[in-house]
Amino acid sequence: MRHLLLDFMQWFLLGCAVLCVLRMTTGKTAADKLTGLNVLSGVVLAFLVLRGVRQGRALYLDVALVYDIFGFLGFLAIAHFLEDKISEGNDRGGPPA
Amino acid sequence: MMETIRMTIAFLTFGSAVIFGIAGIVGLFRFPDPYSRLQAGSLCGTTAVFSTFLGALALSPNWAMAARIIIIGFFFLVSSPTGSHIVARFAWNSDIMPWKPPAVPLKKKDRAKKIRRKNRRGKQAGDGQEETP
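The shown structure was predicted, so the numbers you read here are calculated from the model rather than taken from an experiment. (Residues numbered from 1 in each chain as written. Chains lettered and ligands numbered in written order. Predicted model: local features only at pLDDT ≥ 70, side-chain atom pairs only at ≥ 80, totals over all residues.)

Undergrad: Whenever I open this one, the overall build of chain A confuses me. Can you help?
TA: Broken down by element type, chain A carries three helices and zero strands. The secondary structure elements of chain A, listed N-terminal to C-terminal, are α-α-α. In chain A, once contacts between residues fewer than 6 apart in sequence are set aside, the share between residues at least 24 apart is 47%. (Helix = DSSP H or I, 4+ residues; strand = E, 2+ residues; numbered from the N terminus. Contact = placed C-beta atoms within 7 Å.)

Undergrad: What should I look at first to understand the nonpolar core in this one?
TA: Generally speaking, nonpolar side chains in soluble globular proteins are found buried as a group. Residues Val43(A), Ala46(A), Val49(A) and Phe53(B) are the most contacted members of the largest nonpolar core, which totals 49 residues. Contributions of two or more residues to this core are made by helix 1 (2–26), helix 2 (30–55) and helix 3 (59–86) of chain A together with helix 1 (2–30), helix 2 (34–59) and helix 3 (63–93) of chain B. With 15 residues, helix 2 of chain A is the largest single contributor of residues to this core. In this view, Phe53(B) contacts Ala46(A), Val49(A), Ile69(B), Ile72(B) and Gly73(B); residues no more than four positions away in its chain are not counted. (Core = buried A, V, L, I, M, F, W, Y, C linked by C-beta atoms within 7 Å. Buried ≥ 20, exposed ≤ 12 C-beta atoms within 10 Å, placed from the backbone.)

Undergrad: Would you take a moment to explain the packing of helix 1 of chain B against helix 2 of chain B for this structure?
TA: Working note: a packed helix pair is described by the angle between its axes plus the distance between those axes. Residues and elements named next belong to chain B. The interhelical angle for the contact between helix 1 and helix 2, taken along N-to-C directions, is 165 degrees, at an axis separation of 8 Å. Considered as vectors, helix 1 and helix 2 are oriented roughly antiparallel to each other. You can see that helix 1 and helix 2 cross each other, and the crossing is left-handed. Class assignment of the residues belonging to the contact of helix 1 with helix 2 gives a composition of 15 nonpolar, 10 polar and two charged. (Axes fitted to C-alpha atoms, helices over the stretch in contact; angles between N-to-C directions. Parallel < 35°, antiparallel > 145°, perpendicular 65-115°, else oblique. Left-handed = near helix turned anticlockwise from the far one by under 90°. Nonpolar A, V, L, I, M, F, W, Y, C, P; charged D, E, K, R; others polar.)

Undergrad: When you look at the environment of Arg68(B) in this model, what are you seeing that I'm missing?
TA: Take Arg68(B): it is sitting in helix 3. With 20 C-beta atoms counted inside 10 Å, the residue Arg68(B) sits in the buried group. Residues Arg68(B) and Leu57(B), spaced 11 residues apart in sequence, show a C-alpha to C-alpha distance of 9.4 Å. Contact partners of Arg68(B), with chain neighbours within four places excluded, come to Ala58(A), Leu61(A) and Leu65(A).

Undergrad: Help me understand the interface of chain B and chain A in this model?
TA: Often, the extent of an interface is quoted as the loss of accessible area on bringing the components together. Taken together, the contacts link 45 residues of chain B with 42 residues of chain A. Mapped onto the side of chain B that touches chain A, the elements with two or more residues apiece are helix 1, helix 2 and helix 3 of chain B. With 18 residues, the top contributor of residues to the side of chain B that touches chain A is helix 3 of chain B. Looking at the side of chain B that touches chain A, its residues break down into 30 nonpolar, 12 polar and three charged.

Undergrad: Can you help me understand the packing of helix 1 of chain A against helix 2 of chain A in this one?
TA: Residues and elements named next belong to chain A. Between helix 1 and helix 2, the shortest axis-to-axis distance is 9 Å and the interhelical angle comes to 160 degrees. Relative to helix 2, the element helix 1 is oriented roughly antiparallel. As helix 1 packs across helix 2, the resulting crossing turns out to be left-handed. The class makeup of the residues in the contact of helix 1 with helix 2 is 18 nonpolar, three polar and six charged.

Rendered as structure tokens:
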């Protein structure tokens, strides 16, 4: 029963991850793609935790923690890079009224 | 007995994770502008993923795993809202307008009521103007 629950949640989170990747590839603006990436990182983190509990190995949980930290740093770097590129031209801040 | 309690907690938390996950993914695809999509996405991220952590915590086989899951959960609670904030600031700085509902033409009854209210207000304002000079 408990293995059934964990397996079902793993498949569900895999489906969510596929949909997030779809959102990332089909999103029109950069903000849409970043939103997809934000959700995707959380979903993959939960998937790794479930996989570790299902297999009974603590190694997956260590990988999940490091993935979370580096994913967050990478996300920060991407957003910073894009923001620098945008704010070269204007520094009004906010959409036009 | 203990196993039954753990299974019940895991079942409830995984059920809420499924509900919130489906809601968040649907919102991610169906909402009209990046801000509301971000709201749906971060809702899905925080609630669904954190419920999954709680369920995994209830099912964890030993204390070493439980402690790791708690640490991951704390770090996730710090990093996920920060990421959402960064995306929202990025969208705001790149001049994306928030969505507004389209103007719907009023029904006949509502339009009559609005005109009546307008007339009444106009008369009152006119009275005021007549009195002041």
